[in-house]
Amino acid sequence: MRVLIVGCGYLGTAAGALLVRAGHEVVGLRRTGEGQDELLSAGIIPAMGDVTDPGSLDRLSGPFDAVVNTVSSSRGGADVYRAVYLEGTRILLDWLRQHPVRRYVYTSSTSVYGQTDGSTVDEDSPAEPGTETGAVLRATEELLLDAARAGFPSVILRVAGIYGPGRGHLFRQFLEGEARLSGDGHRCMNMIHRDDVATAIVAALDRGQGGRIYNCTDDESVTQRDFLAWLSDRLARPMPTPTDEEAPTRKKRGITHKRVSNLRLRTELGWVPRYPTFREGYAADVAQAVRMTAGPDEPCPVVQPLTA
Ligand SMILES: NC(=O)c1ccc[n+]([C@@H]2O[C@H](COP(=O)([O-])OP(=O)(O)OC[C@H]3O[C@@H](n4cnc5c(N)ncnc54)[C@H](OP(=O)(O)O)[C@@H]3O)[C@@H](O)[C@H]2O)c1
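Residues numbered from 1 in each chain as written. Predicted model: local features only at pLDDT ≥ 70, side-chain atom pairs only at ≥ 80, totals over all residues. Heavy atoms only, no water.

### Remarks on the sheet that holds strand E2 (residues 25-30)
What holds strands together in a sheet is hydrogen bonding between their backbones, with the strands either parallel or antiparallel. Ordered by their spatial adjacency, 7 strands build an open sheet running E3-E2-E1-E4-E5-E7-E12, and the pairing between neighbours is parallel. The sheet terminates laterally at strand E3 (45-48) and strand E12 (213-216), the two strands that pair on one side only. Put simply, the sheet's adjacent strands are angled 20 degrees from each other on average, direction ignored. Each of strand E1 (2-6), strand E4 (66-69) and strand E5 (103-109) is contacted by helix H4 (residues 78-98), which is oriented at about 175 degrees to E5, the strand it contacts most. Relative to E5, helix H5 (residues 132-149) is tilted by about 155 degrees, and along the sheet it contacts E5, strand E7 (154-159) and E12. (Pairing = 2+ DSSP bridges. Helix = DSSP H or I, 4+ residues; strand = E, 2+ residues; numbered from the N terminus. Axes fitted to C-alpha atoms, helices over the stretch in contact; angles between N-to-C directions. Contact = heavy atoms within 4.5 Å.)

And the structure:
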């Protein structure tokens with residue numbers, strides 16, 4: 001296959017590397033020339049262009065058999081979300097009418113689930129985001145679902161909070177002594193290791209059904225308190241102090257509390273996470289942090305490899 005990865009950043013590069021290793025040709029589109037060396041060393045052909053500019057797509061060296069859209073807003077606000085996700089997808093769909101593909105995979109987010117009651121959510125649960133940015137992601141999904149009803153082969157992955165080499169916001173805050181417990185810390189977080197999202201993208205390309213949504217998260221939602229307590233225990237550091245954050249049940253918009261199920265991804269696509277929980281996923285980072293604070297005479301913990 002020739003695969004185009006639109007927005008070939010942190011996640012796209014990991015997915016592209018897997019595809020290259022499986023013998024596919026991969027072109028990785030980014031807005032800037034940044035990260036070109038990383039793409040090249042993963043065997044990905046770098047391309048520069050802006051998904052919000054149709055001319056950029058026309059300059060690509062097609063045809064492609066499949067497109068993976070892992071573009072991100074690069075921390076921008078709702079306007080950037082609208083341009084990159086919604087308009088970008090519209091532009092891609094227009095372009096792909098002239099250049100049909102066999103599969104299209106889009107990485108949406110579990111933030112489209114606005115639940116605040118701690119319930120378990122699957123792909124049939126209401127997806128009513130409480131934030132403007134979540135609403136843009138949901139509208140982008142709807143665009144792709146409409147296209148799928150007309151025969152376009154789009155598959156949607158709703159991805160949980162990604163961590164992995166160099167990423168993991170709360171973990172890093174904890175290491176810097178800046179993590180805070182929100183309220184009593186009962187809020188559930190849903191996470192996934194970058195390398196497991198990459199294998200889910202490959203599974204979606206291989207076996208995903210057009211018009212189908214798959215949640216992409218690990219096997220265990222964890223409360224903020226339990227996650228921080230685990231770090232505190234492993235790293236022998238005190239629990240962070242609580243803040244007075246309002247409980248999510250009191251309608252603090254954007255702060256959700258839910259347990260996202262990955263059952264469909266596992267059963268329908270046969271996906272098995274390499275890091276079923278944060279414990280395995282963070283083992284290497286934790287071991288490294290312990291090693292950095294250990295004295296010279298203390299034994300070194302075993303460090304697990306992070307990449308596949
Ligand atoms: N990170 C998370 O926790 C998380 C959670 C749920 C879902 N997701 C989804 O997962 C996907 C990948 O996330 P990520 O963390 O890998 O993002 P990332 O590292 O920020 O990579 C995104 C890439 O998109 C490129 N890009 C941005 N605007 C573009 C444009 N207008 N045209 C072409 N390329 C553009 C960026 O290129 P430049 O570097 O050149 O600007 C960057 O390489 C996104 O769709 C995100 O919504 C992420």
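### Details of the side chain of Asn215
Tracing the backbone through its elements, the reader meets Asn215 in strand E12. A polar contact is formed between the side chain of Asn215 and the backbone oxygen of Ser261, at a distance of 3.1 Å. Among residues more than four places away in sequence, those in contact with Asn215 are Tyr113, Val121, Asp122, Glu123, Arg158, Val260, Ser261, Asn262 and Leu265. (Polar contact = N/O pair within 3.5 Å; in protein donor to acceptor, adjacent residues only side chain to side chain.)

### Regarding the packing of aromatic side chains
On inspection of all chains with the given rule, the structure shows 7 aromatic pairs. Summarising the aromatic geometry, the rings of Tyr104 and Phe152 are spaced 5.4 Å apart at their centres and angled 55 degrees between planes, so their arrangement reads as tilted. In this pair, Tyr104 is assigned in strand E5 and Phe152 in the loop between H5 and E7, connecting sequence segments 48 residues apart. In this structure Tyr104 comes out as buried when scored by relative accessible area, which is 0%. (Phe/Tyr/Trp six-rings, centres within 6.5 Å; stacked < 30°, edge-to-face > 60°. Buried < 20%, exposed > 50% of the residue type's maximum accessible area, 1.4 Å probe, protein only.)

### Description of the pairing of E2
Note: E1 against E2, 5 bridges, orientation parallel. Of the residues in E2, the one forming a bridge with Leu4 is Val27. This β-α-β element, E1 to helix H1 (residues 10-21) to E2, shows right-handed connectivity. Across 4 bridges, the pairing between E2 and E3 is parallel. Each bridged residue has a counterpart across the sheet, and for Leu29 the counterpart in E3 is Ala47. For the crossover that starts at E2, traverses helix H2 (residues 36-41) and ends in the parallel E3, the hand is right-handed. (Right-handed = clockwise from strand over helix to strand, strands pointing away.)

### A few points about the confidence of the model for the protein chain
In low-pLDDT segments, the atomic positions of the prediction should not be examined closely. Summing up the model confidence of the protein chain, the mean pLDDT is 92 and the portion of residues at 70 or higher is 92%. Here residues 247-253 is a poorly scored stretch, pLDDT under 50, and it has 10 contacts once near neighbours within four places are set aside; other chains count. Overall, residues 299-308 carries pLDDT values under 50, and its contacts beyond four positions in sequence, including any with other chains, amount to 27 contacts. (pLDDT = per-residue confidence, 0-100.)

### Here we look at the site of the ligand
Within the structure, the ligand sits among 24 residues, and Arg31, Thr32, Val71, Ser72 and Tyr85 are positioned closest to it. At 2.6 Å from an oxygen atom of the ligand is found a side-chain nitrogen or oxygen belonging to Thr32. The contact in question runs from an oxygen atom of the ligand to an N or O atom on the backbone of Val71, over 2.6 Å. Expressed as a share of its isolated accessible area of 900 Å², the protein-covered part of the ligand is 86%. (Near = heavy atom within 4 Å. Areas by Shrake-Rupley, 256 points an atom, 1.4 Å probe, with all protein chains shown as cover.)

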